[in-house]
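Architecture and fold: a report
Residue-level listing of the chains:
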Amino acid sequence: MSSAVLMRSVLPQLKTLLSLPPTLPSSSLSPLSTSRPSSPSFGLMFDIDGVIVRGKSVLPSAPEAFHLLVDQSTGTWRVPTIFVTNAGNTLRQEKADKLSSWLNVPVTEEQVVMAHSPLKMFAEYHEKHVLVVGQGPVEQIARSLGFSHVTTMEQLRHTFPTLDCVDHKRRGAAPCSFNKYFPRIEAVVLFGEPIRWETSLQLLVDVLMTDGHPSFTPSTISHPHLPILACNMDLQWMAEAVMPRLGHGAFLLCLENLYKKVTGRDMIYTALIGKPSEITYRHGEHVLQQQALHTVGLPHPVKTIYCVGDNICTDIFGANLYNKYLQRRRLDTAVMTQAKVQDHSRSIDNLVGAVGELSGAESCYSVLVETGVFSAEGGQPTSIEHSPRDFLPVEHSYQEPVISTSHVLEAVQTIFRREQWEME
């Protein structure tokens, strides 16, 4: 049978499969059997804000939930567990230290996936001169990811002092005659929302319109513009306030619309990283499988992943997207040797290789908790339309969690029952 005929025979099944929302297999819904597995075949990915903490306050159910995952006599993890957050304003080790303190369990740097963690795979940009935007030690973070030629927004502002004009008190002196020798910026890396949005929005538009050197007036607007690698697409996130706060997704929305208004063209991302991007979940699975084999000591890879989060537009949508990706990869393996499953800004295969290289997880299930952005009691409406521009339009089935629980402790207990795993 030719490959074309084979593809036509498989295509109807593929469309049917991908149109369905993710569901648990019937075996997981059956009554508990008398035999229990000796080692878990599942792993857990936890969001942090709105699941474990709100701001600096630890949610009451969180420590007990994680004590179920750790052998109290040895302090080792019983179930492969990692933490996947869209935060990008700190180093992984600092986040691991905070988690250890909050939960009173041992969390290592290797268990933490930040929004920017997958940038380690973007080696083709590591030697380029990049402009990095965000909060915290952004230059240190960029260098820890492999970028060797880094300029921060503050450094750019000092080099070109006349560009930042909104706050009269912060206006700089006349430009230095040497700024024309400033090395051209070759790519932009957006870690998270900056402190002064007006400064970053103005200078980013300047850099994009001038092809990386804002000391010269462009005769034409370059298109395509410089590569943009954007991390963390959360429109909103949950802190101590009673309502969700605007996040980096809101900043990106402003930047996209300003660029479109000024130039008449769409701003194009080279890559979108962080939840709900499949790239982040693929990277997260790699980290989780490493934990399973080398830390927990499982004799086999994790087959089922449960992703616990509070945000429908990132945590739930992203887990459901990755479940779809896993399904499609399994089908693709049967009919071709190289899958082309996503468009450029969300491409996984260009970064992690061919079909045969993906072994391990077969399913990824979304688990919603009601302690963060989502609230069953109503309040601010949540819509899948709040998802990033490049992910729309999307079927509304992808905002439906496979499991809904009140808090993270109930989530862990529910997963244990479904997997017929003992609670200690």
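Data block above holds the structure.
Overview of the structure. (Residues numbered from 1 in each chain as written. Predicted model: local features only at pLDDT ≥ 70, side-chain atom pairs only at ≥ 80, totals over all residues. Heavy atoms only, no water.)

**Quick word on the overall build of the chain**
Along its length, the chain carries eleven helices and 15 strands. For the chain, the residues scored as buried account for 53% of the 424 residues in total. Contacts in the chain between residues at least 24 apart in sequence constitute 75% of all its contacts with a sequence separation of at least 6. (Helix = DSSP H or I, 4+ residues; strand = E, 2+ residues; numbered from the N terminus. Buried < 20%, exposed > 50% of the residue type's maximum accessible area, 1.4 Å probe, protein only. Contact = heavy atoms within 4.5 Å.)

**What about the sheet that holds strand S5 (residues 112–113)?**
Across the sheet, six strands lie side by side as S5-S4-S1-S13-S14-S15; this open sheet has parallel pairing. Among the strands making up the open sheet, the edge pair consists of S5 and strand S15 (403–405). Strand direction decides the pairing type here: strand S1 (residues 42–46) and strand S4 (residues 81–84), joined by three bridges, are parallel. By the bridge assignment, Phe46 is partnered in S4 with Phe83. (Pairing = 2+ DSSP bridges.)

**Focus on the sheet that holds strand S8 (residues 187–190)**
Within the open sheet, the five strands sit side by side as S7-S6-S8-S9-S12. Their pairing is parallel. The sheet terminates laterally at strand S7 (149–152) and strand S12 (271–273), the two strands that pair on one side only. Between one strand and the next, the sheet's axes are offset by a mean angle of 20 degrees, whatever the strand orientation. As paired strands, strand S9 (residues 228–231) and S12 are joined by three bridges and run parallel to one another. If you follow Leu229 over to S12, its bridge partner there is Ala271. (Axes fitted to C-alpha atoms, helices over the stretch in contact; angles between N-to-C directions.)

**Here we look at helix H3 (residues 92–103)**
With twelve residues, H3 extends 16 Å between its outermost C-alpha atoms, agreeing within 8% with the 16 Å of an ideal straight helix rising 1.5 Å per residue. Restricting attention to buried positions, one finds in H3 the residues Arg92, Lys95, Ala96, Leu99, Trp102 and Leu103. Each buried residue of H3 lies within a common arc of 130 degrees when the element is viewed along its axis, so the set occupies one face. Each element contacted by the buried residues of H3 is listed here: strand S2 (53–54), strand S3 (57–58), helix H2 (62–67), S4 and S5. One or two steps after H3, the chain reaches Asn104, where phi turns positive at roughly 60 degrees. (Expected span 1.5 Å × (residues − 1). Arc of directions from axis to C-beta.)

**Focus: the pattern of salt bridges**
Taken as a whole and assessed by the stated rule, the structure comprises ten salt bridges. Lys275 serves as the salt-bridge partner of Asp47, at 3.0 Å between the closest nitrogen and oxygen. Separated by 228 residues along the polypeptide, Asp47 in the loop between S1 and S2 and Lys275 in the loop between S12 and helix H8 (278–295) bring together distant segments of the chain. Each of the two residues, Asp47 as well as Lys275, counts as buried. For the salt bridge of Arg157 with Asp164, the shortest nitrogen-to-oxygen distance reads 2.7 Å. (Salt bridge = Lys/Arg side-chain N within 4 Å of Asp/Glu carboxyl O.)

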